[in-house]
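Given next are the chains, with one letter for each unit.
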Amino acid sequence: MAHPEAAAIRALIEPDRVHRDIYIDPALFELELERIFGRAWIWVGHESQVKNPGDYVTTTIGRQPVVMSRHSDGKIHVLYNRCGHRGAKVVGDREGNVKFFQCCYHGWTYRTDGTLRGVPVPRGYEGTAFDVRDPRYGMMKLPRVDSYRGFVFASLTAAGPSLGEYLGDARSSIDDMVDRSPEGALEVVGGCFRIVFRANWKIFLENLNDTMHPMVVHESSVEAGKIWASEHLPQGAPDPLPVRFTRNNGFPYDFWEKLTLKAHANGHSFMGGIFPPRRTDPVYMDYIAAMERAYGKERTEQILAVDRHNTIFYPNVSIQSGYQQLRHIRPLAVDRTQMDVYAFRLKGAPDEFYKHTLVYSNVVNSPSSIVMPDDHEAYNRVQEGLAAQASPWVSLHRDAGRDRRGDEWTSANGTSELPMRNQYQAWLGYMTAEG
Amino acid sequence: MAPALREAVDLGAIEQFLYREAMLLDEKRWPEWLALYSEDCFYWVPSVVGQKDPVNTISLYAEDRMRLEMRVIRITHPHAYSQDFPTRMSHVVANVMLDPENGKGFDGGLAPKADLVVRSSVHILEFRKEEQRLFGGAVRHWLRRAGGDFSIVLKRIDLVNCDAPMEVVQLFL
Ligand code: FES
Ligand SMILES: [Fe+2]
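This report concerns the structure included in the present document. (Residues numbered from 1 in each chain as written. Chains lettered and ligands numbered in written order. Predicted model: local features only at pLDDT ≥ 70, side-chain atom pairs only at ≥ 80, totals over all residues. Heavy atoms only, no water.)

What follows concerns the interface of chain A and chain B. Contacts between the two partners involve 47 residues from chain A, matched on the other side by 35 residues from chain B. Note on chain A versus chain B: buried area summed over both sides is about 3500 Å², and carbon and sulfur give 56% of it. Its largest share of buried area at the contact with chain B, chain A owes to Trp228, Asn362 and Ser368 of chain A, together 16% of the area lost on that side. The interface formed by chain A and chain B holds 9 salt bridges in total. Across the salt bridge formed by Arg128 of chain B and Glu377 of chain A, the nearest N and O atoms sit 2.9 Å from each other. Joining chain A to chain B, the criterion identifies 22 residue pairs in polar contact (both at pLDDT 80 or more). Listing elements by their share of the side of chain A that touches chain B, those giving two or more residues are β14 (193-197), α7 (214-217), α8 (219-232), α9 (241-247), β20 (336-346), α13 (351-365) and α14 (372-385) of chain A. In terms of residues, the side of chain A that touches chain B owes the most to one element, α8 of chain A, which gives 9 residues. (Contact = heavy atoms within 4.5 Å. Buried area = accessible area lost by both parts, 1.4 Å probe. Salt bridge = Lys/Arg side-chain N within 4 Å of Asp/Glu carboxyl O. Polar contact = N/O pair within 3.5 Å; in protein donor to acceptor, adjacent residues only side chain to side chain. Helix = DSSP H or I, 4+ residues; strand = E, 2+ residues; numbered from the N terminus.)

The structure is reproduced here in C-alpha cells:
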C-alpha cells in the first residue's frame, strides 16, 4: 500500500486542530499499526497474571498475536503466538498453565521461553537445511520486553528508547498505584472486562483527560446517584460508594477548571487534584491502618496525598492509580476498538478493600456499568459524525497557547485541551519517524 | 428440598412468575419489575464461566437492590444519551424446572434465604439503532414465598458469552 509522505501526514496535525482523516482513513490506521503500535512500548500485561512457571496469557499488539509466559527459571517472556513450522497460532486459550506449548497442527512443542523443544519424527529433517536450534523455528521472542514494578511492556522493534526513557517521569503514576499497596505489590485476580466500541482508538484516549465532558455525558448516572440518595438517605448522610463514584462526574465546571493537567513529552498525561475529601468509612480506615503498619504514618500520608486520575501512557494503556483500575486499548479497525479493563488487588490491603475496588469496576468501568455506556455513546457518535464532509477539522482549541511548558511536563488548567493536542504531537512523532 | 415440599410447589405458578418477569423487562415496566425482588435481593451476571464469587471477582452485574434502583433511575433519565435510541428486548424463557441441585455451588456464597431454586434457560433478543444482538444462557432464581406469590432473592444469569468482548449492555438480562 502506498503510504502518505511525511509532509502529507504533518498537514493533518496543526497545533490546535486535527484533520478528520486521522479517525476515519483506513490507510492511516494501517500506518498507525506499523509506526505506532509497531514501534512504541506497548503494555502487554501484569506479572501477577503469570505468577507461576508455565503460566501464560495471550493478547495482541496491533494485529500481532502474542503470548506472555513465565519460564521455569522465573523469567517472563513475550513471544509471537506463531508456530515455527507452518505458522499456526500455537496457544489457543486465553490463559492457562502448561509444561510446554504444543502446536495443535503437527505437534511441534515449545518451551515456555519460546525455544523449540521437539518435533515428531525428527529423522525427516536429517540432511535438510532445518536446524532445531535456529530461533526462527521456535516461537520467536519479541525484540524488546521490559517491565516496571510489575507492568510488562514489549515492543515489536529492536530500536527505540528504553522503557525507562519512554515512561519518563510518568512512571510516577505507576509508583502511585503500586505504593498504595501495603506490600508494594499489585495483583490481578480473575479476568478482565473486554469492551468493544465503534470508534477509533484515539477518541477514547482523548476522552480520558477531557474534563469538559463528565457534566454533560454523565448527567444520567450522576442524577441516578443523587436521586437515589435523596429518596433513601437522611440529608448529610455519607454517600454509599456507588453514589460517591458517580457523583464526582457531576462536579461543576469551576471544580474541573481548578485541576491541573500534565502532559508529557512522550504523549502521556494525567489530571491531578481531582479527589474529593478522603473516605472515612471503616473499610478505608482499616486500609489506612494497614498502610501505617507497613510504612509508618508519615510515609503513608505522603503516598495517599498523591492525587491523580487517568494517567495515559501513550498509546495503549491508562491507569486510575487511586482506584486500582487499568484500561488496555486494542485497536481492531479504524472504527472499532477493544478495551480490556483490569481491577487490581493491593497486596496486603484488607480483603474488604478489594471488594470496594470491584464496586468501582462495576459501577464505572464494566461494559454493563451505569457510567461507561454514555461515554461509549459519545465515542461512537464522534465516529459517526466525522463521516460528515462538513469541516475537515476537529477543534482542540480550548486554552490553546496558554500551556505552561516545562522540560518533561507541560501543564495547563483542568479544562484545557492540552492532553489531546499533546497526544497528536506524539502521534506525529511516531508517524513521521524514519524507521 | 424435601419430596413433600417439592410436590407442594406448583410449577405452573412458578412458570407464570418467570414469564411475568420477562414481560415486565420487555415492556420496561421497571417499578413493577423491581417489586418482584426482595429488599435483600442480589442480581448477578458472572463474567467468567463457573464464577464462584460476585464480590471478590469482577462480574458483568453484581447488584444489590440499591444499584438496581440506581440503574432504573439512569435508564429512564431524559439525558441518558446512550438511551436516546432506546434499547428494545425480547426475552424467551424456557426449560423451567426446579433446580435438581437446589442452587448448590451457584449462590456465590451469598446464602440467600430462599424457599426454592428454579432453573430456566433464556434467549434475549436485543435491538438498538441498526443491529440486533442475541444473549442466552442458564438462569437460576432463588425464590421466597411471599403471600400467594414469590419474590426473587437472588437471580443468577450465566450467559454463554459472558467472557466475550462485547459492546455495552444497558438494560437487564
Ligand atoms: S504448524 Fe505447528 S506443528 Fe505444523
Ligand atoms: Fe466519561
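Still more to cover.
This part is about empty space enclosed by the protein. Throughout the structure, instances matching the rule amount to 6 cavities of 30 Å³ or more. Space inside the largest cavity adds up to approximately 340 Å³. Lining the largest cavity are 27 residues, and of these Asn249, His309, Asn310, Gln320 and Tyr360 of chain A sit closest to its centre. Put simply, the parts of the chain that give the lining of the largest cavity at least two residues each are α6 (201-208), β17 (308-313), α13 and α14 of chain A. Across the lining of the largest cavity, the residue classes break down as 14 nonpolar, 10 polar and 3 charged. Roughly 90 Å³ of internal volume is contained in the second largest cavity. Broken down by secondary-structure element, the contributors of at least two residues to the lining of the second largest cavity are α2 (11-26), β3 (88-98), β4 (116-128) and β5 (131-146) of chain B. At 4 residues, α2 of chain B tops the list of elements feeding residues into the lining of the second largest cavity. Here the residues of the lining of the second largest cavity are counted per class, giving 7 nonpolar, 4 polar and 2 charged. (1 Å grid on protein atoms, 1.4 Å probe; cavity = no way out; pocket = protein on both sides within 12 Å on 5 of 7 lines; lining within 4 Å. Points joined across faces, edges and corners; volume = space filled by probe spheres on them. Nonpolar A, V, L, I, M, F, W, Y, C, P; charged D, E, K, R; others polar.)

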